[in-house]
Structure formats: C-alpha cells, structure tokens
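# Structure assessment
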Amino acid sequence: MKAKLILKKAAIYFLIAAFVVFIGLIVMTLKDNKKYNDYTSFSAAPHGEKALYLLADKMGYNALRFKKTVRFMPDGVTMVVIQPDTDTLYDDIEIKYLKMWLEKGNSLMLIGDDNNNFNKLQEKLNAASERNDSSPLNWSIYKVGQGKIFVSYGLESFLNGGLNDSDGAVSFIDVLDKIGSKTVYFNEYYHNLGEGLTIRDIIGFPGELAIFQIILALIVLYFAVSKRFGKPVTVFEIIKRKENENIYALSNIYKSSKANSYVLDVMFRRLKRDLAKYFGMDSMPENDELISAASNDGRAANMDLKSGFVRCENYINRDSKNMQEFIYLATWIEKIREEIV
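The following paragraphs examine the structure supplied in this document.

## Section: the pairing of strand 5 (residues 140-144)
Summarising burial for strand 5: 4 of the 5 residues are buried, a large majority. Direction of pairing for strand 5 relative to strand 6 (residues 147-152): antiparallel, over a ladder of 5 bridges. Its bridge partner lying in strand 6, Tyr142 is registered against Ile149. Count of turn residues in the strand 5/strand 6 antiparallel hairpin: 2 residues, of which Gly145 carries a positive phi of about 65 degrees.

This is the structure in structure tokens:
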C-alpha cells in the first residue's frame, strides 16, 4: 500500500515537471521567433537591423526599442521604422496618431523598399515634399505640420548583411545628426512585436493612483468594520438612565393616569432647579428670589417668569384638568429650559 502511494506521488511529480518543461519550450520558441524576426533591431541575421541599433548606441545616441502604438511615443525623440508591416502602420487609427505626433514637431525615419506603399502613406498623412537630403543615399524629406519624415528606399544598405559594404551607416548617422534628437526609438510595434493597448496605457498614472487609493480605502474600510480596535470594556454595573429620561418616563406614567397636575408639578420643580443652577444659587430658592434674579439677567428678563410661575402654582394647587392650559405651561417650561440648559 505504501509503495503504491509513493508511485502515485512520483507520477504526479513527473507530470508536473513534464508540463513545466513543455511550457518552457513554448515560451523559448516564442522568444526566439520574436528575437530573430527580419528587419527588427533584435535580429542579428543578414536581414536584421541589430547592427544599425548598436551603431546608433555606439555613436552616442540613446537607442531604445519601442513596442507600442505611436499614440504613446514621447515627444522630442526620433522614431525609426524599418520595412514595417503595412497593415499595422497604415491602419486608420495608427495614421491618425502618427499625424498628430508628427505635427507637434517630431521626426520619423522610414526605411523600406516599396515606393508605392509610401505614396499611400504620404497621401494619408497629407505630407508635403520638402526636398532631398544631401546625405549619402539621398533621403527624401517630407513635412507634416511642424514635424518631418525622412524616407529612404535603400533597404539593403541598412541591413546587417549590407551595412559594412555601403554608405548606409554614414547616411543613417548623418540624418540623426541633422534631426538633433539624442534619443532614438526603433519601433518594433510595426513588426508585430507590439504589446498592444493595455488598460494601464489608457488610464495613465493618474488613473493608477486613483485605483490604488480606492483599493487602499476599501482595505481600511474592511478592517474598520470587521475588527475591533482594542479590547472590549467589561462593565460590572447597571448603567442608569439619565435624569431627564427618568423624569420623562415618570411624566408619561402620570399622563397615562390623567394626573396632569402631578406631571406639571414634576416639570415645574425641575425648571426651578435648573434656574437656580443657571443663576448660581446653591439651595432651592423661593419663587420670588428666582423672579428677582431673572429681572437682573439680560437673557432671562424676557422669559416672563412671574406670570408663568403664578399660572403653574394655580394649576398645580387646584388640581386642574384643563388640557389646553396644561399644554401651554408644559411648552412654556420646556422652552425656558432649552434656553438655560
């Protein structure tokens, strides 16, 4: 039984290892296919452009590879496109952003062997022929807004296999010098090596920051609602209700028994205690003392304590059942308490 279990585990590990090796071979194959595509700066084969890429780097330029649509190409650089895939480069949306990029004053170096295809591109970009350059191989110059396109149809002179035996190297560096930008992008997007358009490209850094803040806020909210901050406090005594709550509870009982005079008496005595506290008196004063103190206080002078006190005393002493008078006095008492408490 134990030997059978060991055999089963070994078979599982073998299948996992075989699967990993299989995936690795696929990835390596894909990398090799990308790396050695013709006319790319990755390829060291005779029809590659790696020598031209390294030449730009050795001559003091910041040579970089670019794998995205021209929509994300930075300004102030030179873009090099060599024998591009026409379906990718001549796409209407790509042409739209290429034209916008050139009109801002940027420069494109286009190297190929098909004059007819470039005539279509020239028409789509509305590029105006400016002049022929005096560099070796006679580059044609076209103007698009503030930018320029430098075109050469001598493709063979710029390939790895023909660079040493022609004026291609001298001509390429001469044009770069005339453009004046120290950063050169070899755009491999037009050789179908592009990364395509990602959500990160669309939203940009502000969008990334906003998403990060939202995620952080959700994490904080999760911890805030799911966990206690600190230990719970144990209470070993019954918490009594506030005095006002007790008074209102008692008043409700009195109201239920139709004892309006008792209710008003409770409220009236509470009012006098609050007034005594408000006027800074230690003991429970007489009505006259409270009325006298109110007459000397600017805020309490307009409360008409004398008249209200008399009406309250009459209602309580006579055990009146007049509901309208009760409602008026109860409202008057609560209004004064709101002013002083």
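Next comes the rest of the account.
## Concerning the nonpolar core
Met79, Leu98, Trp101, Leu121, Leu125 and Ile149 are the most contacted members of the largest nonpolar core, which has 25 residues in total. When contributions to this core are tallied by element, the ones reaching two or more residues are strand 2 (78-82), helix 4 (92-103), strand 3 (107-111), helix 5 (115-125), strand 5 and strand 6. Looking at this core, the element that brings in the most residues is helix 4, giving 4 residues. Setting aside anything within four residues of it in sequence, one finds Leu121 in contact with Leu89, Tyr90, Ile95, Leu98 and Leu110. Within the second largest apolar cluster, 24 residues are counted, among which are Ala276, Phe326, Leu329 and Ile340.

## Some remarks on empty space enclosed by the protein
In total, this model carries 2 cavities of 30 Å³ or more according to the counting rule given. A volume near 40 Å³ is recorded for the second largest cavity. Along the walls of the second largest cavity sit Tyr39, Thr40, Ser41, Glu49, Val80, Val81, Ile82, Phe186, Asn187, Glu188 and His191, which together make up its complete lining. Among the elements of the structure, strand 2 and strand 7 (183-187) are those that each provide at least two residues to the lining of the second largest cavity. Looking at the lining of the second largest cavity element by element, the count peaks at 3 residues for strand 2. The residue makeup of the lining of the second largest cavity, split by class, is 5 nonpolar, 4 polar and 2 charged.

## Quick look at the side chain of Asn160
Within the secondary structure layout, Asn160 lies in the loop between strand 6 and helix 6 (168-179). Apart from residues lying up to four places away in sequence, Asn160 is in contact with Ser43, Ala44, Ala45, Pro46, Gly48, Glu49, Lys50, Ala51 and Leu52.

## Focus: the packing of aromatic side chains
A full pass over the atoms with the stated rule returns 11 aromatic pairs. Summarising the aromatic geometry, the rings of Trp139 and Phe158 are spaced 5.5 Å apart at their centres and angled 65 degrees between planes, so their arrangement reads as edge-to-face. Placement of the pair is Trp139 in the loop between strand 4 (128-132) and strand 5 and Phe158 in the loop between strand 6 and helix 6, with a sequence separation of 19 residues. An aromatic cluster of at least three residues, connected via ring pairs, comprises Tyr53, Trp139, Phe158, Phe172 and Phe186. Positioned over the ring face of Phe42 is Arg65, at 4.3 Å from the centre of the ring. The positively charged end of Arg65 is found above the aromatic ring belonging to Tyr53, 4.0 Å away from the centroid.

## A look at the layout of surface pockets
Roughly 160 Å³ of internal volume is contained in the largest pocket. What lines the largest pocket is a set of 14 residues, and nearest its centre among them are Gln83, Pro84, Tyr90, Gly112 and Asp114. When contributions to the lining of the largest pocket are tallied by element, the ones reaching two or more residues are strand 3, helix 5 and strand 6. By residue class, the composition of the lining of the largest pocket is 7 nonpolar, 5 polar and 2 charged.

Cut-offs and rules
Residues numbered from 1 in each chain as written. Predicted model: local features only at pLDDT ≥ 70, side-chain atom pairs only at ≥ 80, totals over all residues. Heavy atoms only, no water. Buried < 20%, exposed > 50% of the residue type's maximum accessible area, 1.4 Å probe, protein only. Helix = DSSP H or I, 4+ residues; strand = E, 2+ residues; numbered from the N terminus. Pairing = 2+ DSSP bridges. Core = buried A, V, L, I, M, F, W, Y, C linked by side-chain atoms within 4.5 Å. Contact = heavy atoms within 4.5 Å. 1 Å grid on protein atoms, 1.4 Å probe; cavity = no way out; pocket = protein on both sides within 12 Å on 5 of 7 lines; lining within 4 Å. Points joined across faces, edges and corners; volume = space filled by probe spheres on them. Nonpolar A, V, L, I, M, F, W, Y, C, P; charged D, E, K, R; others polar. Phe/Tyr/Trp six-rings, centres within 6.5 Å; stacked < 30°, edge-to-face > 60°. Lys NZ or Arg CZ within 6 Å of the ring centre and 35° of its normal.

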